[in-house]
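Notes for the structure review
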Amino acid sequence: MKPGSLPAACAALMRRDLTLVWRRRGDALNPILFALIVVALFPLGVGPEPEQLRRMSAGVIFVAILLAGLLALDTLFRSDYEDGSLEQLVLSRHPLSLLLGCRIAVHWLTTALPLIIVAPLLGELLHLADAVRWVMVCALLLSTPLLSLLGAVCVALTVGMHRSGMLLALLVLPLYVPVLIFGAGACNAAQMGLPYAAPLLWLGAALVMALVVAPLACAAALRISLS
Amino acid sequence: MNALTLWFHKTGSPPTFYRIAGALAPWCFGLGLLLGLAALYGGLLLAPRDYQQGDAYRIIFIHVPCAWMSLFAYFFMAANAFIALVWRIKLSEILAMASAPIGAAFTFITLVTGSLWGKPMWGTWWTWDARLTSELVLLFIYLGILGLYNAIEDRRQAARAAAFLALVGVVNLPIVHFSVNWWNTLHQGQTVRLMGPSKMDGAMLWPLLLMALATHLWFFGSLLARTRVGLLELDGGKEWVRSIALAEGARGNG
Amino acid sequence: MAEFFSMGGYAGYIWPSYAVFFIVLAIDALAPRAQRKRVLAEIRGRLQRRKPGNPA
């Protein structure tokens, strides 16, 4: 790879992000811990009866992972904004959307992928049916990148704001609702023995579109917030 | 520069638009109020009872026009947001941000009156069907846009960020409109058509359409009033605003 | 008259709906006035502060 070329820039960015995450690998466990807490609270809140828990298990896990991801979104740009490297990134001569795409990919790998790996375990806590387990993992594999991409656009708009947590949640909610409806919908359909391919295909289509459009939108939003 | 371009730039200039809006707004409010009262007279007193819903259907005369306005306000906001982001026209930024609170108000009224209508008709205050959920999501989008606009210090940057968000959220508009066609919903399907005959009795239709016109006028009245304030804020350091501020102060003290 | 107000028994739903309609739209029309007062007062304040001899 020629130094200074686009592939080298992307590789350098991804290497940097992975190194930074590795240096604080304890923090990477936070989303998992949060999702675990949310899932653990539900039986305590609605009662431990297995049938009732089984009926809502997939949806609860989806919501828990969605919320954990929302908390983790803040780390996407915050530290780089605070030390000025975000502006350097925006100023670089490489297409910003591609660089941001790489960053979002690393972010998904380090925050959402562990959650997906842990999801079947969370399912056990809520007596998730065996038939649903792999549909849920599939739905999570399709929806979590979507959540990361959509979330990145909203984080770009609120970058640098102190205490932007509540505002960020308000901004992403309308975008997350359809993803949740289709993702959890696929799991619930599988639970009832109904065909579940359609919602998964919708998620796939949305993901493909988001892969193309979201980095561009994120770059535009970042330019607006940093201007 | 030809006459049209000249007219366009003149009208868009803050002091001119301030004056024009100031002259137009009271008329919009007044006419809207008049037509609204006429519509209510037609709807509450003249229109007959519905054979299925009895008198409860009369909520339609406020629920439906407000629902239409919640979508129209967003469309207006998104159009101005697009103009503001692409051509950086200051007036469009202000118009877009001014339509947001009005749209949010209409969405709120739609949800509340819909809920009050749903309880006697469907037996429930709320249901998570496609149309209600997407309208609720629309309210959240409005609140998000307002929240983002108020969170950023610099007014122009805030308007640009919020305008961007408005464009991102525009995908919800067709979802709200077509939700009754695309999904099995508890909510009634389309009755009033733009092209072709409507499935509603004439005596009920005219108050509905008149109220729709009245709410449009109210929207524009409120929009013009808010735009005036936005222009004052934007041009705060300029001479024309200073003279207005001082005149107002003298009036208040004298 | 009483029959009009009772609206076939649905008065509890219809009149609150109309009340919400009027109140929210009235607030929406009056809010710009308060905003305008605030903005003009702020501008006057800024002008005061810029006068020589006044704290910046």
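Procedures and definitions
Residues numbered from 1 in each chain as written. Chains lettered and ligands numbered in written order. Predicted model: local features only at pLDDT ≥ 70, side-chain atom pairs only at ≥ 80, totals over all residues. Helix = DSSP H or I, 4+ residues; strand = E, 2+ residues; numbered from the N terminus. Rg over C-alpha atoms; globule rule 2.2 N^0.38 Å. Buried ≥ 20, exposed ≤ 12 C-beta atoms within 10 Å, placed from the backbone. Contact = placed C-beta atoms within 7 Å. Expected span 1.5 Å × (residues − 1). Nonpolar A, V, L, I, M, F, W, Y, C, P; charged D, E, K, R; others polar. pLDDT = per-residue confidence, 0-100. Core = buried A, V, L, I, M, F, W, Y, C linked by C-beta atoms within 7 Å. Axes fitted to C-alpha atoms, helices over the stretch in contact; angles between N-to-C directions. Parallel < 35°, antiparallel > 145°, perpendicular 65-115°, else oblique. Left-handed = near helix turned anticlockwise from the far one by under 90°. Arc of directions from axis to C-beta.

What follows concerns the overall build of chain A. Each helix and strand counted, chain A has 9 helices and 0 strands in total. The helix and strand sequence of chain A, counted from the amino end, reads α-α-α-α-α-α-α-α-α. Taking 227 residues into account, the globule formula puts the C-alpha radius of gyration at 17 Å, and chain A, at 18 Å, falls close to it. For chain A, the spread of C-alpha atoms along the three principal axes comes to 55 × 35 × 30 Å. Taking all 227 residues of chain A together, the buried fraction comes to 41%. Considering only residue pairs separated by 6 or more positions, chain A has 79% of its internal contacts joining residues 24 or more positions apart.

With that out of the way, let us pick up the overall build of chain C. Assigned secondary structure in chain C consists of 2 helices and 0 strands. Relative to its length of 56 residues, chain C is extended, with a C-alpha radius of gyration of 23 Å against a globular reference of 10 Å. Dimensions of chain C, computed from C-alpha atoms along their principal axes, come out at roughly 70 × 15 × 10 Å. Sorting the 56 residues of chain C into buried and exposed places 20% on the buried side.

Between the first and last C-alpha of helix H5 (residues 130-151) of chain B there are 31 Å, a value that for 22 residues agrees with the 32 Å anticipated at 1.5 Å per step. Among the 22 residues in H5(B), 16 count as buried, and that is most of the element.

Interfaces are often sized by the accessible area lost when the parts come together. In this complex, chain A contributes 15 residues to the contact, which on the side of chain B involves 16 residues. Top element by residues in the side of chain A that touches chain B is helix H8 (residues 165-191) of chain A. It accounts for 6 residues. Here the side of chain A that touches chain B is composed, by residue class, of 13 nonpolar, 2 polar and no charged.

This next bit is on the environment of Thr107(B). Residues and elements named next belong to chain B. Residue position: Thr 107 is located in helix H4 (residues 90-122). The buried category is assigned to Thr 107, around which 27 C-beta atoms lie within 10 Å. In this structure, the C-alpha to C-alpha distance between Thr 107 and Ile 20, residues 87 residues apart in sequence, is 28 Å. Those residues in contact with Thr 107 that lie beyond four places of it in its chain are Ser 70, Glu 135, Leu 138, Leu 139 and Tyr 142.

Before going further, it helps to examine unusual backbone geometry. Phi angles above zero are rare outside glycine, and Arg163(A) is one such case at about 50 degrees. The phi dihedral of Arg88(B) falls on the positive side, at around 55 degrees, and the residue is not glycine. Accessibility expressed as a C-beta count within 10 Å gives 11 for Arg88(B), which makes it exposed.

As for its placement among the helices and strands, Ser222(B) is situated in helix H8 (residues 202-234). Classification of Ser222(B) as buried rests on a count of 26 C-beta atoms within 10 Å. Sequence spacing of Ser222(B) and Ala25(B) is 197 residues, and the spatial spacing of their C-alpha atoms is 7.2 Å. If we ignore the near neighbours within four places in the chain, the residues touching Ser222(B) are Ile102(B), Asp28(C), Ala29(C) and Pro32(C).

This paragraph deals with the confidence of the model for chain C. In the predicted model, chain C carries a mean pLDDT of 87, and 96% of its residues have values of at least 70. Interface predicted TM-score (ipTM) for the complex: 0.88; the corresponding pTM is 0.89.

Before going further, it helps to spend a moment on the nonpolar core. The biggest cluster of nonpolar side chains holds 151 residues, and the ones touching the most others in it are Ile61(A) and Leu150(A). Counting residues per element, this core draws most heavily on helix H7 (residues 130-157) of chain A, which supplies 16 residues.

Residues and elements named next belong to chain B. Viewed as axis vectors pointing N to C, H4 and H5 meet at an angle of 150 degrees, and their least axial separation amounts to 9 Å. Judged by the inter-axis angle, H4 sits roughly antiparallel to H5. Both H4 and H5 take part in a crossing whose hand is left-handed. For the pair formed by H4 and H5, the contact residues are Met 97, Ala 100, Pro 101, Gly 103, Ala 104, Thr 107, Phe 108, Thr 110, Leu 111 and Gly 114 on the first element and Leu 132, Glu 135, Leu 136, Leu 138, Leu 139, Tyr 142, Leu 143, Ile 145, Leu 146 and Tyr 149 on the second. For the contact of H4 with H5, the class distribution of residues is 15 nonpolar, 4 polar and 1 charged.

Next up on the list: helix H2 (residues 30-46) of chain A. Working note: α-helix, 3.6 residues per turn, so residues spaced by three or four point in the same direction. Residues and elements named next belong to chain A. End to end, H2 covers 25 Å across 17 residues, agreeing with the expected 24 Å (1.5 Å per residue, within 8%). Looking at H2, one finds that the buried residues are Pro 31, Ala 35, Val 39 and Phe 42. End-on, the buried residues of H2 take up no more than an arc of 70 degrees, which puts them together on one face. Among the exposed residues of H2, those oriented more than 90 degrees off its buried face are Leu 33, Ile 37, Leu 41 and Leu 44. For H2, the elements touching its buried residues are helix H3 (50-73) and helix H6 (96-125). Once H2 finishes, Gly 47 follows within two positions and takes phi at roughly 100 degrees, a positive value.

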